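Residue-level structure breakdown
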Amino acid sequence: WLGWLHLVLRVGLAFFVCHCSGMLDAELGSPYNETGLSIYITPPNWLVVVGVPALAFTLWRSRRELLQCWQRIPPNYRRHAPATAIGFIAAVVLAQACFLLEIDRGARKKDYGISIFLLWPPDLSKIQQWMSPAPRGSISDCVQAARVASGVWADPWMRDDDKAVFVTAANMGYVEILENWMCHMRKQQLTFLVVAMDERMFAYMARNHPDQATCLFKTSRTDQVMDLARPKHWGQPGFNDLTCGKLEVVRAMLAAGLNVLFCDADARAKPGRDIFREVINATCDYTYQQNVGDPSSYVPGPEMEGNTGFYFARAGAPMVELFDAAIQNCIDNTDKDDQTNFWYALGKRYRDGTALYDNSSITGARMTQRAAGQTLLKKEARQMTYCPLDMRRFATGWAMGAQTYQVDPLQRDAAVRKSVLEAEFLHSNFMSGLEMKKKHWREAGLWECKTPPAGTPAIRPEFVQAAAYLYRKFNPEKCGADVSILGFLGGGMGSQIQMVSSKLASVCAEGGLPATQGHLRAYTANPQCQAAVGDNGWACFFKTVGSCKAEGGHEQAAVADMVSSVLIPCASPELKHMRDAFWWGVVQAYAIRPSATVRRHLADFRRQHSIDAIHIALHVRLGDKAKDRYSFQAGVIGVDKYLEQAEKMLARMESACASGGVSCGPYTIYIATDASSAAIAALEWASQGANTLGVRKKGAFPVRVVAPTGTET
């Protein structure tokens, strides 16, 4: 028995060492949820080299003892040994998955440490995912993931540039900052790509955010996935690998024709400031945050180093060449980070005349009211323009109180409060360590973040995924011959849109490519459309349905006899379980994405009527639906029926808020109507408490009705 005990201890110890070094990852849930448990240990790196050889050597030395043990087992027990072994292994795996023993290198908050997290009951469906090793990263994976995440805004109607992709990057040591950043970005209904800079981060994202576009990056500098599980501080070995790796990812996206808005996870915009849209609409090729450490001594200029933690780069040959040069500098100067190497390359281009500097959007902002990153410089094909962002609107760590300049403490605190108040975007660089960054984010009021309550208007993740699928499907990199024309039929504007959407679904189901041709009668065949967008067709109001043009003898797409019959064949494989009503909504929403001109009109309209969010929208028609023989519907539905439905919806929203333990409201109800009587009735209903059915609780949240209809038409 002592011999048996010695054998078990020897093999067990070797297996434990191997287990530590092999980074067996069996975590369930997220360590930043409100409940849960995981054990996280950081053994020294030499275990990686020692672990596997130690186990193999121990098993080889013990081979005779193992054989003797096997021979001493009675034959009737031996017959059950395979089943027993399989059951034992299965039990170990299940226990590993359920009880979450996780032994790995790197810690979430410190270089070495243990953190505990438990979530119960376990999701056993994820065991296969836990046991599968993370795939090796590649540039092509990130480009493909970027195409999925492109658009920046979750709502396809809000997108200015469908080829723009919002990108951030993080390693496992930065996971807490990343979680907080993602929460803030999602609250602003933005969609983005996370570049995982180590396998641990990639596996973490796959488990805890399976619907989030994520890629694992393998740097060409070391030809391996970067082992950057610990937080990397400026000047440490490995920091330059991490930062220069980001340049390689962005360069690949630019070469693929994507425009890149890059933002470090320790930078974010204040809520309610649409500055990302302003930056994306910049006319400069490269628009960047100035790297200000001390505003009192900072002198901007064409070769003054900018910050590579926030910028917008527009795709094009000059931009790709710039990133190529910066990456080569990273290879030649391994002691420098990405920012230094990038600005070496950009400064050289400025001196040889291939990069044109323009800061007039800052210096002339008060007089000309020009948005960020706008340039009036004319350039040649071989040239690019680069423009800094206002250092006070787009502030770095100095604005949050980073210890980079010496002033009286009282004056400094007052200056910090003033600078944080003025800034619209804050980046916590010039600060060392995660705890320091979190401290300053809390002081700025930009750390705490909770998921919006159920009653808040939001875009469903499935809808975002489905709309992105249609965009990729109808906007291929190369156009083929299978382009079908979506011709326009008679009827009103709503009828025209539904017919085009039906044809679009048919083309999608057949695997073809759509293109519009012609005009929508008087709706677009008018001087106003021609003057506004130079087009009397679909583009007067909407974005094009596809990137391929109909030239020559292309077939006219047919209207589907039954729309439901073509919707599921059109659906993406991972969302075929969604019902055809969902896909009908997605197809129509994609088809009628407003053009930039229409969106400007909509934004002006919202400002005019002080509309922030619309919770319920009603379309009440009491005119032609009651009189016109072409539009007549049997039995006109009075406004009271609409308001009853609105009350029921409000009751459900308020119940969802109450169950979540949060407060929400007031609610905004928008009414589009052709009858002033309907608008007046709705306003009176709201002023009397919007609770004629009694389904809402007394003292419920107030309801505001927006009914911008003055007279009957």
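Parameters at a glance
Residues numbered from 1 in each chain as written. Predicted model: local features only at pLDDT ≥ 70, side-chain atom pairs only at ≥ 80, totals over all residues. Heavy atoms only, no water. Helix = DSSP H or I, 4+ residues; strand = E, 2+ residues; numbered from the N terminus. Buried < 20%, exposed > 50% of the residue type's maximum accessible area, 1.4 Å probe, protein only. Contact = heavy atoms within 4.5 Å. Areas by Shrake-Rupley, 256 points an atom, 1.4 Å probe, with all protein chains shown as cover. Expected span 1.5 Å × (residues − 1). Pairing = 2+ DSSP bridges. Salt bridge = Lys/Arg side-chain N within 4 Å of Asp/Glu carboxyl O. Disulfide = S-S within 2.5 Å. Core = buried A, V, L, I, M, F, W, Y, C linked by side-chain atoms within 4.5 Å. pLDDT = per-residue confidence, 0-100. Phe/Tyr/Trp six-rings, centres within 6.5 Å; stacked < 30°, edge-to-face > 60°. Lys NZ or Arg CZ within 6 Å of the ring centre and 35° of its normal.

We now examine the overall build of the protein. Scanning the protein from terminus to terminus reveals 26 helices and 20 strands. Split into buried and exposed, the 713 residues of the protein put 48% on the buried side. Looking at the protein alone, contacts between residues at least 24 apart form 76% of all its contacts between residues at least 6 apart. A total of about 35500 Å² of accessible surface is found on the protein, and carbon and sulfur atoms cover 58% of it.

So, about helix α26 (residues 676–687). Helix length check: α26, at 12 residues, gives a terminal C-alpha distance of 17 Å against a target of 16 Å (1.5 Å per residue), a fit within 8%. When we look at burial in α26, the residues that qualify are Ser676, Ala678, Ala679, Ala682, Trp685 and Ala686. Each element contacted by the buried residues of α26 is listed here: β18 (616–620), α25 (639–659), β19 (667–673) and β20 (703–706). The positive-phi residue at the C-terminal boundary of α26 is Gly689, with phi of around 105°.

Turning to the sheet that holds strand β14 (residues 394–395), a few remarks are in order. Reading across the sheet, the 3 strands line up as β9-β15-β14 and stay open at both edges, with mixed pairing between neighbours. At either end of the open sheet lies a strand with only one pairing partner, and these are β9 (267–269) and β14. Bridge count between β9 and strand β15 (residues 425–427): 3 bridges; the pairing is antiparallel. Following the sheet pairing, Ala269 is matched in β15 by Phe425.

A full pass over the atoms with the stated rule returns 22 salt bridges. In this structure, the salt-bridge partner of Arg442 is Glu448, at a minimum N-O distance of 3.5 Å. Exposure remark for Glu448: the relative accessible area of 53% places this residue in the exposed category. In this structure, Arg607 engages Asp604 in a salt bridge whose closest nitrogen and oxygen atoms are separated by 2.3 Å. Taken together, the positions of Arg607 and Asp604, both in helix α23 (residues 596–608) and 3 residues apart, correspond to about one turn of that helix. On the accessibility criterion, Asp604 (39% relative accessible area) is partly exposed. Overlapping salt bridges, with partners in common, bring together Asp160, Asp274, Arg277 and Arg599 in one network.

Time to look at the state of the cysteines. Counted according to the given criterion, the structure contains 7 disulfides. Through a disulfide, Cys508 is tied to Cys570; the S-S separation comes to 2.0 Å. Disulfide Cys508-Cys570: torsion about the S-S bond near 85°, hence right-handed. Within this pair, whereas Cys508 is found in helix α19 (residues 493–509), its partner Cys570 is found in helix α21 (residues 564–570), the two being separated by 62 residues in sequence.

Between its first and last C-alpha atoms α25 spans 31 Å; for 21 residues at 1.5 Å apiece the expected length is 30 Å, and the two agree. Within α25, the full set of buried residues consists of Val639, Leu643, Ala646, Glu647, Leu650, Ala651, Met653, Glu654 and Cys657. The inward-facing, buried residues of α25 contact β18, β19, α26 and β20.

Turning our eyes to something else, we now look at the nonpolar core. One finds Phe166, Phe276 and Leu426 to be the most contacted residues of the largest nonpolar core, which totals 54 residues. Per-element tally for this core: the top contributor is helix α8 (residues 175–187), with 6 residues. For Phe166, the contacting residues outside a window of four places in its chain are Val152, Trp181, Met185, Leu190, Thr191, Phe192, Leu193, Leu261, Cys263 and Phe276. Phe217, Cys244, Val260 and Ala345 belong to the second-largest nonpolar core, a separate cluster that totals 43 residues.

The subject of this paragraph is the confidence of the model for the protein. Mean pLDDT over the protein stands at 77; residues scoring 70 or higher make up 75%. When mean pLDDT is compared element by element in the protein, strand β8 (residues 259–263) scores highest at 97, while strand β2 (residues 101–103) scores lowest at 35. Contacts for the low-pLDDT stretch residues 220–234, under 50 throughout, to residues beyond four places or in other chains number 61 contacts.

What follows covers the packing of aromatic side chains. In total, this model carries 26 aromatic pairs according to the counting rule given. With centroids separated by 4.7 Å and ring planes inclined at 45°, the aromatic side chains of Trp538 and Phe542 adopt a geometry described as tilted. Both residues of the pair, Trp538 and Phe542, count as buried. What links up through ring pairs into an aromatic cluster is the set Phe262, Tyr286, Tyr288, Tyr311, Phe323, Phe342, Trp343, Tyr357 and Tyr386. It is Arg268 that lies over the ring of Trp441; its NZ or CZ is 4.2 Å from the centre.

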